[in-house]
Amino acid sequence: MNNKKGRRLSGSSSGSSSTFAATVKQAFSITQSPLPWEKAICAAIASGCPVLAGLLLGHLQYGLTAGIGSFTYLYTFNVPYAHRAKKLFFTFLAMSLAVGLGTLLSPFPLAAAAAVGLIGAAAVFVFGAFQIAGPSAIFFVLGFLMSSGMPEAPQLAPLRAGLVFLGGAFSWMLAMTGWFVRPHGPETAAVRRVYTILADLMDSAGTERFNEARQRLLSTLNAAGNTLSAGHLSWYIPHRFKRLVRLNDQAHTIFLYILERGEQRTDKLPQSLGAYARSIAASLERNDDRAVGAIRPLKPEDEDAQRLFELLTSTEAILTKPSSKLDPDIFLSKPSARTLLGGAFDKNSIVFLTAIRYGVVLAAAAVIAGSLHFRHAYWVPLSCAAVMSGSTIVATFHRAIQRSIGTIAGIVIATLILSVKPEGMIIVIALMIFTALTEFAIVFNYGIAALFITSNSLLMAESTSSLYDFAYFATARIVDVVIGAAIGLVGVLLIGSRQASNLLPHLIAKTIRSEQQLLFALFSGERATWPADARSIERSKMRTNITNLKIVYTTALGEIPSDARSLELLWPAMFAIEQLGYLLESGLKQLDRPVLEDKNLAQLLLVFESMAGAAEQKRPPSANPVPQIEGFANITKEMSDLQHALQKGWAT
């Protein structure tokens, strides 16, 4: 949600050649990121070993089929191992089922087209609903299409699915090896980042950078909370994990104090406070739980600095306290799978609508490819699937450009390799090299990665085929890619190109009302009769709505045409909604909450409803007074800020 992004996207809607050139330049811009050496090497091993095993056993084709399961490793990200184990297991299980289904349906083109659309839609929906990082549907679609393009043999469906399962299981074991070295490495990294950004926030107090640093820390705290929730196992809670949860809770306490006092400061906090927080982060990086023992601030002269110093000292005590003295009880809230899926399965959910669009266009691409009687026609829907993986319309344009140019280059390279009719270890080594290069390239630019993905896929699909006219083969694949990219682009433009912008007012109103319901649960006289799970439901609804709202807002920024100016004006309201949600959720942890008088509670609910109703009608809300809540000044201040932001955002 970046203002610069909004302005940049608005320019891409003009039809001038200079704008098109700028779009192409953006599509192939290079992101400066460190090389993922470990992931690239492991991905190469994951892709090469199944093929090598098939070669040594005298069944290269079996090895290549098992190699489809190695795409499982490409879904490995730096998430807790408890979450990684489940995610990758279901990934290679689904990939196995996709390959088996593709084999069964290969004699029935229309059924296969419907199935690939269903597979793509289901994968996009699940990845969107659970906010899972990764390539989403693309490799499930690839597995299905490759198996449907193999020689028709429905009776081989169990064998092919089993081989993919074995290849995926090997990737799973490889991805889990880090658990033996640092079982809580991802959780530690998330909490360490919290304290690093917390130090930046302390340094920014009393400066113009405060609001920006506050936004970064809020996002980082939410990400760390999600990471810890994903790593939580109810039946096994190690001491290290408990310590990380305590440290993250303490960071929330410090953040709430800074929110209460930071904006009122006109002078900076002592730099030694930021240095203290960074030394705590450095201790987490060392993974030693020793005393920080580094930088101590001089005795602070003002109350805020003194209180922050005390809080940081308590943080160090949590870090160094013996495991046996840690509080055995921890509190982690994690919405159930049913809640997440229910929140996404809604006619107004951008995740649901995107999944439907993805499946329909993908199935249409498969039908078109089949009707044109292309040989290995699966390259058409595969290119279509890759293009539609862009998160916004502009990103889809970028993907179309990247996919077309990168794939054409990859086809040329793969065709040259296939022209010499490689055998045995040459195929294994080439697949490993292309897989490693894919992981290196993906952090820089998808177009470069598409080159290696295409080369890899063609080698797997065509290594055992008898190809004679290589010029014709390369030309046919290039035509397939261009047609598939065009179908994906046209489909996205025709189906719901303004979905997000149209949904935004409704989602803003829905999110504000869910915050209203949680506030009522927190401060009404009826709260004593509310069961704990009811409050959890209200919190889960609010979380789901905030997540959906952020996705819709980001998607709206990338639409064509995009009213970038209006979206920029709404950005302060987006942040205020997220900030208010955070403060309300934090209030659940404070048991000494006041019970508001009916008059004040009714006025607060009126403020919420006024903002929600105005958002639905895309007009500024009335300037209603916001009653104070004793001990929760941050909540009422954020409500006032949200009301003011909506007045500016919807101003005509």
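Residues numbered from 1 in each chain as written. Predicted model: local features only at pLDDT ≥ 70, side-chain atom pairs only at ≥ 80, totals over all residues. Heavy atoms only, no water.

1. Quick look at the overall build of the protein
Link 1 in the chain: Each helix and strand counted, the protein has 25 helices and zero strands in total.
Link 2 in the chain: In the protein, which comprises 652 residues, the share counted as buried stands at 54%.
Link 3 in the chain: Pairs at least 24 residues apart make up 81% of the contacts formed inside the protein by residues separated by at least 6 positions. (Helix = DSSP H or I, 4+ residues; strand = E, 2+ residues; numbered from the N terminus. Buried < 20%, exposed > 50% of the residue type's maximum accessible area, 1.4 Å probe, protein only. Contact = heavy atoms within 4.5 Å.)

2. Looking at helix α16 (residues 379-387)
Link 1 in the chain: Across the nine residues that make up α16, a large majority, nine, are buried.
Link 2 in the chain: Along α16, the positions that sit buried rather than exposed are W379, V380, P381, L382, S383, C384, A385, A386 and V387.

3. Points about helix α9 (residues 185-204)
Link 1 in the chain: Taking 1.5 Å as the rise per residue, α9 with 20 residues should run 28 Å; its terminal C-alpha atoms sit 29 Å apart, in good agreement.
Link 2 in the chain: In terms of burial, α9 is a largely internal element, 14 of the 20 residues being buried.
Link 3 in the chain: Note on α9: the residue one or two positions beyond its end, G206, has a positive phi of about 80 degrees. (Expected span 1.5 Å × (residues − 1).)

4. Structural notes on the packing of aromatic side chains
Link 1 in the chain: One pass over the structure, following the stated rule, counts 20 aromatic pairs.
Link 2 in the chain: On the numbers, 4.8 Å between centres and 25 degrees between planes, the contact of F71 with F139 is stacked. On the criterion of sequence distance, the pair formed by F71 in the loop between α4 (60-69) and α5 (81-105) and F139 in helix α7 (residues 138-148) is long-range, its members being 68 residues apart.
Link 3 in the chain: With relative accessibility at 6%, the residue F71 sits in the buried group.
Link 4 in the chain: A ring pair is formed by Y75 and F127, whose centres lie 5.7 Å apart and whose planes are at 55 degrees; its orientation type is tilted. Within this pair, whereas Y75 is found in the loop between α4 and α5, its partner F127 is found in helix α6 (residues 109-129), the two being separated by 52 residues in sequence.
Link 5 in the chain: Residue F127 is classed as buried on the basis of its relative accessible area, which comes to 10%.
Link 6 in the chain: Through pairs of rings, three or more aromatic residues link up here, namely F71, Y75, F127, F139 and F140. (Phe/Tyr/Trp six-rings, centres within 6.5 Å; stacked < 30°, edge-to-face > 60°.)

5. Concerning the environment of G370
Link 1 in the chain: Relative to the elements of secondary structure, G370 occurs in helix α15 (residues 350-371).
Link 2 in the chain: G370 gets classed as partly exposed once you look at its relative accessible area, which sits at 35%.
Link 3 in the chain: Here the alpha-carbon distance between G370 and P381, two residues eleven residues apart in the chain, equals 10.0 Å.

6. Some details on the environment of V490
Link 1 in the chain: Within the element layout of this structure, V490 appears in helix α20 (residues 470-494).
Link 2 in the chain: A relative accessible area of 45% means that V490 is categorised as partly exposed.
Link 3 in the chain: Separated by 106 residues in the primary sequence, V490 and C384 have C-alpha atoms spaced 10.0 Å apart.

7. Focus on unusual backbone geometry
Link 1 in the chain: At K421, a position not held by glycine, the phi torsion is positive, near 55 degrees.
Link 2 in the chain: Mapping K421 onto the fold places it in the loop between α17 (393-419) and α18 (425-442).
Link 3 in the chain: At K618, a position not held by glycine, the phi torsion is positive, near 55 degrees.
Link 4 in the chain: Among the structural elements, K618 can be located in the loop between α24 (598-616) and α25 (633-649).

8. Remarks on the pattern of salt bridges
Link 1 in the chain: Applying the stated criterion to the full structure yields twelve salt bridges.
Link 2 in the chain: For R278, the salt bridge goes to D200, with nearest N and O atoms at 2.8 Å. In this pair, R278 is assigned in helix α12 (residues 271-286) and D200 in helix α9, connecting sequence segments 78 residues apart.
Link 3 in the chain: Residue R278 is classed as partly exposed on the basis of its relative accessible area of 32%.
Link 4 in the chain: Given the relative accessible area of 21%, D200 is considered partly exposed.
Link 5 in the chain: Across the salt bridge formed by E616 and R513, the nearest N and O atoms sit 3.1 Å from each other. (Salt bridge = Lys/Arg side-chain N within 4 Å of Asp/Glu carboxyl O.)

9. Description of a nonpolar patch on the surface
Link 1 in the chain: Together, I356, V360, V490, L494 and I495 line one region of the surface with nonpolar side chains, adding up to about 450 Å² of accessible area.
Link 2 in the chain: Of all the secondary structure elements, the ones that give two or more residues to the nonpolar patch are α15 and α20.
Link 3 in the chain: For V360, the position within the fold is in helix α15. (Patch = residues over 30% accessible without salt bridge, like charges linked within 9 Å, V, L, I, M, F, W, Y side chains within 5 Å. Areas by Shrake-Rupley, 256 points an atom, 1.4 Å probe, with all protein chains shown as cover.)

10. Thoughts on the packing of helix α21 (residues 499-523) against α24
Link 1 in the chain: At a closest axis distance of 7 Å, the pairing of α21 and α24 adopts a crossing angle of 170 degrees. For the element pair α21 / α24, the angle class is roughly antiparallel. Touching P505, I508, A509, I512, R513, E515, Q516, L519 and F520 of α21 are L601, L604, L605, F608, E609, M611, A612, G613, A615 and E616, all from α24.
Link 2 in the chain: Partitioning the contact of α21 with α24 into residue classes produces 13 nonpolar, two polar and four charged. (Axes fitted to C-alpha atoms, helices over the stretch in contact; angles between N-to-C directions. Parallel < 35°, antiparallel > 145°, perpendicular 65-115°, else oblique. Nonpolar A, V, L, I, M, F, W, Y, C, P; charged D, E, K, R; others polar.)

11. What about the packing of helix α10 (residues 210-230) against helix α23 (residues 564-587)?
Link 1 in the chain: Running from N to C, α10 and α23 cross one another at 50 degrees; their axes reach a closest spacing of 11 Å. Classified by the angle their axes make, α10 and α23 are oblique. Helix-helix and strand crossings are classified by hand; for α10 and α23 the assignment is left-handed. Residue-level inspection shows R214, Q215, L218, L221 and N222 of α10 in contact with α23, the latter providing W571, F575, E578, Q579 and Y582. (Left-handed = near helix turned anticlockwise from the far one by under 90°.)

12. As for the nonpolar core
Most often, soluble globular proteins have nonpolar side chains that are buried together.
Link 1 in the chain: Y195, M202, I508, L519 and I635 are the most contacted members of the largest nonpolar core, which totals 171 residues.
Link 2 in the chain: If one sorts the elements of this core by residue count, α23 sits on top with twelve residues.
Link 3 in the chain: Look past the residues within four positions of I508 in its chain and what remains in contact with it is L549, M574, I577, A615, L646 and W650. (Core = buried A, V, L, I, M, F, W, Y, C linked by side-chain atoms within 4.5 Å.)

13. So, the side chain of T72
Link 1 in the chain: By secondary structure assignment, the location of T72 is in the loop between α4 and α5.
Link 2 in the chain: A distance of 2.7 Å separates the side chain of T72 from the backbone oxygen of G69, its partner in a polar contact.
Link 3 in the chain: Residues in contact with T72, not counting those within four places in the same chain, are L88, T91, F92, M95, G168 and S171. (Polar contact = N/O pair within 3.5 Å; in protein donor to acceptor, adjacent residues only side chain to side chain.)

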